[in-house]
Amino acid sequence: MRIDVAIIGGGAAGLFCALWAGRRGRQVLVLEHSRRLGTKILLAGGGKCNFTNRQCGAENFISENPHFCKSALAGFDHHDFLAFVEELGITYEEREHGRLFCKHSAARLRDALREQCRAVGVRFELDRNIDSVSTDTGFELAGKWGTLNADSLVIATGGLSYPQSGASDFGYKLAGRFGLKVTKCRPGLVPLLYSRVDKSSLSELSGNAFEGAVEFDKQWFRENILFTHNGLSGPAILQISNYWQGKGEILIDWLPGLDVLNFLWEQKAGKGSSSIKNILTGKLPSRMLKIWSERYFSDKPLAECSTGELQEAAESINQWCFVPAGKAGYDKAEVTVGGVSTAELSSKTMEAKKVPGLFFIGEVVDVTGQLGGYNLQWAWSSGYAAGQAV
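What this report covers is the structure whose coordinates are included nearby. Residue positions are counted from 1 within each chain, in the order its sequence is given. For this predicted model, a pLDDT threshold of at least 70 governs which residues receive local features, and a threshold of 80 or more governs which side-chain atom pairs are given and counted, while totals over whole chains, interfaces and linings are taken from all residues. The basis for every side-chain value is the complete set of non-hydrogen atoms in the structure, without hydrogens or water.

The next point concerns the overall build of the protein chain. Starting at the N terminus, helices and strands are each numbered in turn, a helix being any DSSP run of H or I of at least four residues and a strand any DSSP run of E of at least two. Helix and strand counts for the protein chain stand at 13 helices and 21 strands. Along the longest, intermediate and shortest principal axes, the C-alpha atoms of the protein chain span 85 × 40 × 35 Å. Counting across all 390 residues of the protein chain, residues that qualify as buried make up 54%. Here, Shrake-Rupley sampling with a 1.4 Å probe gives the accessible areas, and only protein chains in the shown set may cover a residue. By element, 47% of the accessible surface of the protein chain is carried by carbon and sulfur atoms, the whole surface being about 16500 Å². Only protein chains enter the calculation, and the probe is 1.4 Å; a residue is then buried if its accessible area is under 20% of its type maximum, exposed if over 50%, and partly exposed in between.

What follows concerns the pattern of salt bridges. Each salt bridge in this description consists of a side-chain nitrogen of Lys or Arg and a carboxyl oxygen of Asp or Glu lying within 4 Å of one another. Per the stated rule, a full pass over the model turns up 19 salt bridges. Linking Asp127 and Arg35 is a salt bridge whose minimum nitrogen-to-oxygen distance equals 3.9 Å. In this pair, Asp127 is assigned in the loop between β7 (123–126) and β8 (132–136) and Arg35 in the loop between β2 (28–32) and α2 (39–43), connecting sequence segments 92 residues apart. The class of Arg35 is exposed, set by a relative accessible area of 69%. Linking Arg99 and Glu96 is a salt bridge whose minimum nitrogen-to-oxygen distance equals 3.5 Å. In this structure Arg99 comes out as buried when scored by relative accessible area, which is 6%. One salt-bridge network, in which partners are shared between bridges, spans Arg110, Asp111, Arg114, Glu115 and Arg118.

Phi at Leu189 is positive, roughly 50°, even though this residue is not glycine. Looking at the element boundaries, Leu189 is found in the loop between β11 (186–188) and β12 (192–193). The backbone of Met350 shows a phi angle near 70°, a positive value even though the residue is not glycine. Following the sequence through the fold, Met350 ends up in the loop between β19 (335–337) and β20 (358–360).

Bringing the nonpolar core into the picture now. Of all hydrophobic cores here, the largest spans 81 residues; its most connected members are Phe16, Phe51, Leu141, Leu153, Leu358, Phe360 and Trp380. A contact between two residues is defined here by any heavy atoms of the two lying within 4.5 Å. Ignoring any residue separated from it by four or fewer positions in sequence, one finds Leu153 in contact with Ala6, Ile8, Val133, Phe139, Leu141, Leu174, Gly357, Leu358 and Phe359. By nonpolar core is meant a set of buried Ala, Val, Leu, Ile, Met, Phe, Trp, Tyr and Cys residues that side-chain atoms within 4.5 Å join together.

Only the six-membered ring of Trp is used, alongside the rings of Phe and Tyr, when aromatic pairs are assigned; centres must lie within 6.5 Å, and planes under 30 degrees apart are stacked while those over 60 apart are edge-to-face, with the rest tilted. For the structure on display, the rule yields 24 aromatic pairs. Centre to centre, the rings of Trp254 and Trp292 are 5.9 Å apart; their planes meet at 85°, and the pair counts as edge-to-face. Placement of Trp254 in the loop between β16 (250–253) and α9 (260–270) and of Trp292 in helix α11 (residues 286–296) is noted, with a sequence separation of 38 residues between them. As far as burial versus exposure is concerned, Trp254 and Trp292 are alike and both buried. A centroid spacing of 5.6 Å and a plane angle of 10° characterise the contact between Trp320 and Phe322, whose relative ring orientation is stacked. The two residues Trp320 and Phe322 agree in class, both being buried.

Take helix α5 (residues 106–119) next. Relative to the 20 Å expected for 14 residues at 1.5 Å per residue, α5 spans 20 Å between its end C-alpha atoms, a close match to the ideal helical length. Taken together, the buried positions of α5 are Ala106, Leu109, Arg110, Ala112, Leu113 and Cys117. Buried residues of α5 fall within an arc of 160° about the axis and therefore sit on the same side. Of the residues one or two after α5, Gly121 is the one with positive phi, at around 90°. What a helix should span is 1.5 Å times the count of its residues minus one. Read the arc as the range of directions from the helix axis to the C-beta atoms.

Following the sequence through the fold, Ser241 ends up in helix α8 (residues 235–241). With 96 residues separating them along the chain, Ser241 and Val337 place their C-alpha atoms 10.0 Å apart. Leaving out residues up to four positions away in the same chain, Ser241 has contacts with Gly188, Leu189, Val190, Leu192 and Lys327. A polar atom in the side chain of Ser241 sits 2.9 Å from the backbone nitrogen of Val190. The term polar contact refers here to a pair of N or O atoms within 3.5 Å; inside protein, the definition further demands a hydrogen-donor-capable atom paired with an acceptor-capable atom, and it admits residues adjacent in sequence only when both atoms are side-chain atoms.

The next point concerns the side chain of Arg186. Its location among the elements puts Arg186 in strand β11. Engagement of the side chain of Arg186 in a polar contact is seen with the backbone oxygen of Asn242, the distance being 2.8 Å. Once residues lying within four places of it in the same chain are set aside, the contact partners of Arg186 are Asn242, Trp244, Gln245, Lys327, Tyr330, Val335, Thr336 and Val337.

Written as structure tokens, this is what we have:
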């Protein structure tokens, strides 16, 4: 069999690339190693698929080259994808921070993409593992299912996150096979684990969640933070996990918007007979306040607390130093940070500079979005860019 375009990977990026290549009249075959298409589309957003964001720019992405994503995002941005969703008749809803979700089911979006692809002649082969890829004239792909030749080859295999969905390192290995650099990969949008000391006291807070602010390496996010048995999670922690690389303190403000030190000074003047714990009752969950009072607060009446004691109590709330023991693994991660180096690819077409006809799109590339629909937008934008060039 000889075709124009072979796409390895039937996720968001692969499907979108196939659609636009098919609309250009290209003969396209999508090879997916699992038994269904768009697994991560179905899982994203708790089954509602946070497919893009109202505000989307290069500042929402991480890469060794922070400018690389600009061209693809400009070529097909969040406005374009929203118009595409509306053309498909898929209803959606907007949530906090401009996040856009399917109103009913992510399956509607996946199914619509699949049918749009079929309408322009794209074919799908599921449960197809690739044993080898070679080049002579074009690309020859081989597996137990047989062989095929393609003029262009698109790698849309995703990263290492969600291994339960079939994630693998195939794309990285293939890049290495062709002499392309792959930057170091790590789990992204992932919970952070307690140290042994923190776990001994904080694990009993498991299930508590409330709004807080986190800061690390000049990055700051204010969203919910969730205590778990093994560490901290929730949107704010997932966001900062993209930037934390195993070293350094993460500062957490448990009461953003309240200057706790000034508050305590004010209370000291009028309610000096109460303890710090009593003064803060109602502002923090009772179980958390109990633990914090044991670790950071004096039991003395506020009037008897020294300036140093008030400062220590305030800092434990407004600037709590969290030093994670590490990250949860790829099985808990929503994305992979790192991937095929952007230095190896054209920012306009996603084609490998050293290997004409070879393209890398989506999560397999060293472009990682923040939480909020940005990673799917990268899938659409990079898939569109390649779909116009194959």
